[in-house]
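# Notes for the structure review
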Amino acid sequence: MATTHFSAIGGEFASASREAAFRADRLPETLRTARLILGISAAINALALIIDWRFLGHPHFWIAVPARLAIVAISVLCLVAIWQATRFSVVQRGLVVWEIVTAVCLGVLCSLRSEIAPLVLIVLPAIYFLVVPTSFRWTLACGSVAMAALATGYLWHEPEATAATGFLVTTVMGEVVLVLFVIRWNRLRRLEWAATQAERHANSELAESRHLFEALFRAVPIPIVVSLADGGRIVSANDAALAFFDVPDTRAFGDYTIRRHLSGDDRRRIASGISRSAGQQGFEVGLTGRDGRRHDILLSVAAVNIDGQACTISSLVDITSRKAAEERIRIAAHHDALTGLPNRALFQTSLEAAIAGGHATGAEVGLILLDLDGFKEVNDTLGHEAGDALLKEVAGRLGRVAGPGDLVARLGGDEFVVLAAIPGDGQATVHLHRLAEDILDVLNPAMPIGGRIVAPRASLGLAVFPAHAGGGGDLFTNADLALYAAKAAGRNQAVLFTPSLRVQIETRVRIAGEMRTALDEGQLVPFYQPKVGLQGRGIVGFEALARWQHPSRGLLAPADFSTVFDDPDIGNAVGLCLMRRICADVAGWVALGLDPGRVFLNLSATQFAQDNLARTLLGEIDRAGLARDRIGIEVTETVLLGGHGDRVASVLDALHSAGIGVALDDFGTGYASLTHLKQYPVDEIKIDRSFVRDLERDANDAAIVVAVLHLGRSLGLRVTAEGVETEAQAAFLDANGCDTAQGYLYAKPMSASRVPWFLRNRPDILGDDDGSRPRLAG
């Protein structure tokens, strides 16, 4: 039953909705009471009107008769108005009008000082307070109006002051008593109603619950039987139980008892469970059916009392098929569906067992973590079926080189692991290196996949317990660090864990933390290196290079903090910071009337992973008020090969269409440069400094440079040579048609504040001294 709250004054429900429900429920009774009151009022006052006719010719006649007529009229009118009322508010409105008119009229009659006037003074307010069914505020208002009207009429002829005072005090005390009674009466009536409603609701819910329980009992798909605790005779069963025991209805159970279906040991277990906790939940028993077949059953039993008789309710779940399936699932759950190798769960269990054995016996445990190189490219270019074929082939080859005590598992994707059994000869690292070499050798032969020949390659990370770690988790982590080092060192090789690898990781974490501070404090700034036209065109632009003004280590080049780009959040923040600074710097130079040409900024692979890179860059350019032909971007083949080919293409297309120049940096150092020239919108290619550095001494480098220059001309692309440091290099490039050069011959990277001076004060670079080719200043 819900808690009942009443208003502080009045004794009505505090909840308006509940008070409305109470009034609506009591409306028939209220309407009957109202009709009775109005009818009696009309009848009594009609009779009094006849009696008052005796005053005909007396001055009282013209007071009494109109008052009586008014009371009779208002009683009849209100009775007609509420006769078919369907809302409490209509009934109350009629009663309030009747009460006010009647009180005024009777007050007028009391002024006649008839012998019944004192009786009216007592009875009418009592009727208003105790009989008329209105809300508390109208009860109080109408009762007070009645008392005031009657007292005014009665005291109209100015009785003695002492008598009048006593009369008024008595009247007020009487009203207070009536109000208190009404409040208590309101509370009692509503408490009674609330209790009645709660009882009705409870009975309704009980009936519904019983009906629902019976329906659920019959419909539950799990067999349920009710049996006597003494003897075990089955007295009731649901439809599922009837089907399970193959009987048409409950009566067909006849003299069936639990003893016929359960062994003695199982019955004793059930009895023991019931005696301890009045039930037994979810334990397995063997049950014999009518056909004599044995079933594995998951049984739950509870003791109940039905009509004073001790019974048990038993639910049965046939798990015979499930147990057989569980065995198959158990095997499947520990092996990879594609390759048939043990999966991560079985590997983890085996690793923990091996480490525990190592602690107990002092044996060493070797771990080789293997990740396929270029697997994503196989999936992307040849399809997932080809990728699956490659994984199965690798699994088979690993199984051929693993020893009898080794465990080869697939952790997921293109990641495998070998848990190696190490002979107890103290040569753990030697054995592990030998096994790693065997793995690299067995993976080496190419295989046909999807109509193409694919040579599997892999990077391996090696770690040994207890030399490198004291537990399984640390051993796996250290092998993973070694794997990361193998990939960083060029892939397709094995690296053994060393403590320095962890130091490298810690250094990366430290640098990332310092970089966050650097971004907050504005320590990251762009430096600018001019790009000079070799055909006498002066400075045609700059390349913006990141520099970190470290508070303790001085000015750092990107090589000192390149690891921050491994973290997408920091890498993107660095790129956005530089982007804004570069746009602001270029806008400042242009505002000074200087012409810095096109300034190229470098975009990292991390930035290309963003969906809104093109929109962000163009937004920063527009915000700075720059023409878009003032900005260019440089990308390396590392970015193009970073696994975001479609996204890189869409970004470059959007920027190129907006007028942003695109330069391919470090051209010639990758294996897919010509493909990229065809696939991406490139305006300029940059010859890597490694070819320019030795072109005077190395004929091969010179030939490569000439070939790139010819390629650029044939494709209509500008060519820039990086790392130009000597006049001889510049002369060679100029003679072979190179467009622009960049290097220490012309200027080192400089801060933004130095660029305006450089643009104004280097006529030798600008080509303004004699119109000749730019040269090194003296």
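Since we're looking at a predicted model, the values are computed, not measured.

## Quick look at the packing of aromatic side chains
The tally for this structure, following the rule as stated, stands at five aromatic pairs. Note on Phe347 and Phe476: the rings are 6.1 Å apart at their centroids and 50° apart in plane angle, and the pair reads as tilted. Of the two residues, Phe347 sits in helix 11 (residues 344-361) while Phe476 sits in helix 15 (residues 472-488), which places them 129 residues apart along the sequence. Comparing Phe347 with Phe476, the two get one shared label, buried. For Lys748, the ring lying beneath its charged end belongs to Tyr744, and the centroid distance is 5.5 Å. Between Arg754 and the ring centre of Trp757, over which it is positioned, the NZ or CZ distance is 3.9 Å.

## Quick notes on helix 25 (residues 727-735)
By the burial criterion, the buried members of helix 25 are Gln729, Ala730 and Leu733. Around the axis of helix 25, the buried residues are gathered within 100° of arc, so they sit on the same side. Those residues of helix 25 that are buried are in contact with helix 23 (689-692), helix 24 (699-715) and strand 20 (718-722). Where helix 25 terminates, the next one or two residues include Gly737, which has phi positive at roughly 85°.

## Some points on helix 15
Here helix 15 contains 17 residues, and its C-alpha end-to-end distance of 24 Å stays within 8% of the 24 Å for a straight helix at 1.5 Å per residue. Turning to helix 15, its buried residues number three or more, namely Gly472, Leu475, Phe476, Asn478, Ala479, Leu481, Ala482, Leu483, Ala485 and Ala486. Looking one or two residues past helix 15, Gly490 carries a phi angle of roughly 125°, positive in sign.

## Brief notes about the sheet that holds strand 8 (residues 415-421)
What the five strands build is an open sheet, ordered 7-8-6-11-12; its pairing is mixed. What marks the edges here is a single partner per strand, and that holds for strand 7 (407-412) and strand 12 (494-496). This sheet shows a mean twist of 20° between the axes of neighbouring strands, independent of strand direction. Relative to strand 12, strand 11 (residues 458-465) runs parallel, the two being bridged by three bridges. Across the sheet, the residue bridging to Leu462 is Leu496, located in strand 12.

## Brief notes about the pattern of salt bridges
For the coordinates displayed, the defined rule picks out 19 salt bridges. Between Arg397 and Glu393 there is a salt bridge whose closest N-O contact spans 2.8 Å. Of this pair, Arg397 and Glu393 both sit in helix 13 (residues 384-401), four residues apart, which is roughly one turn of the helix. Judged by relative accessible area, Arg397 falls into the buried class, the value being 5%. Under the relative-accessibility criterion, Glu393 is labelled partly exposed at 26%.

## Examining the packing of helix 15 against helix 16 (residues 499-521)
The contact between helix 15 and helix 16 brings their axes to 9 Å, and the two run at 80°. Between helix 15 and helix 16, the interaxial angle falls into the category roughly perpendicular. For the pair helix 15 and helix 16, contact is made by Thr477, Asn478, Leu481, Ala482, Tyr484 and Ala485 and by Leu501, Arg502, Ile505 and Arg508, respectively. A class-by-class count of the residues in the contact of helix 15 with helix 16 yields six nonpolar, two polar and two charged.

Parameters at a glance
- Per chain, residues are indexed from 1 in the order of the written sequence.
- In keeping with the model being predicted, local features are shown solely for residues with a pLDDT of at least 70 and side-chain atom pairs are shown and tallied solely at 80 or more, while totals for entire chains, interfaces and linings include all residues.
- Side-chain metrics rest on all non-hydrogen atoms present in the structure, leaving aside hydrogens and water.
- Pairing of aromatic rings covers Phe, Tyr and Trp, the last counted by its six-membered ring, and requires centre-to-centre distances within 6.5 Å; plane angles under 30 degrees mean stacked, over 60 mean edge-to-face, and any other angle means tilted.
- Strands here mean DSSP runs of E at least two residues long; helices mean DSSP runs of H or I at least four residues long; both are numbered from the N terminus.
- Summary of the burial criterion: residues with accessible area below 20% of their type's maximum are buried, those above 50% are exposed, and those between are partly exposed, where the area comes from a 1.4 Å probe applied to protein chains only.
- Two thresholds decide whether a charge sits over a ring: the Lys NZ or Arg CZ must be within 6 Å of the ring centre and within 35 degrees of the ring normal.
- Note: the arc covers the axis-to-C-beta directions of the helix.
- The contact criterion used is simple: two residues touch if any of their non-hydrogen atoms lie within 4.5 Å.
- A helix's residues, less one, multiplied by 1.5 Å, set its expected span.
- Here, strands pair whenever DSSP counts at least two bridges between them.
- Whenever a helix is involved, its axis is fitted only over the stretch in contact; in every case the axis is a line through C-alpha atoms, and angles between N-to-C directions fall within 0 to 180 degrees.
- Throughout this description, the term salt bridge denotes a Lys or Arg side-chain nitrogen within 4 Å of a carboxyl oxygen of Asp or Glu.
- Roughly parallel means an angle under 35 degrees; roughly antiparallel means over 145; roughly perpendicular covers 65 to 115; every other angle is labelled oblique.
- By the convention adopted, Pro, Cys, Tyr, Trp, Phe, Met, Ile, Leu, Val and Ala count as nonpolar, Lys, Arg, Asp and Glu as charged, and the other residues, Gly among them, as polar.

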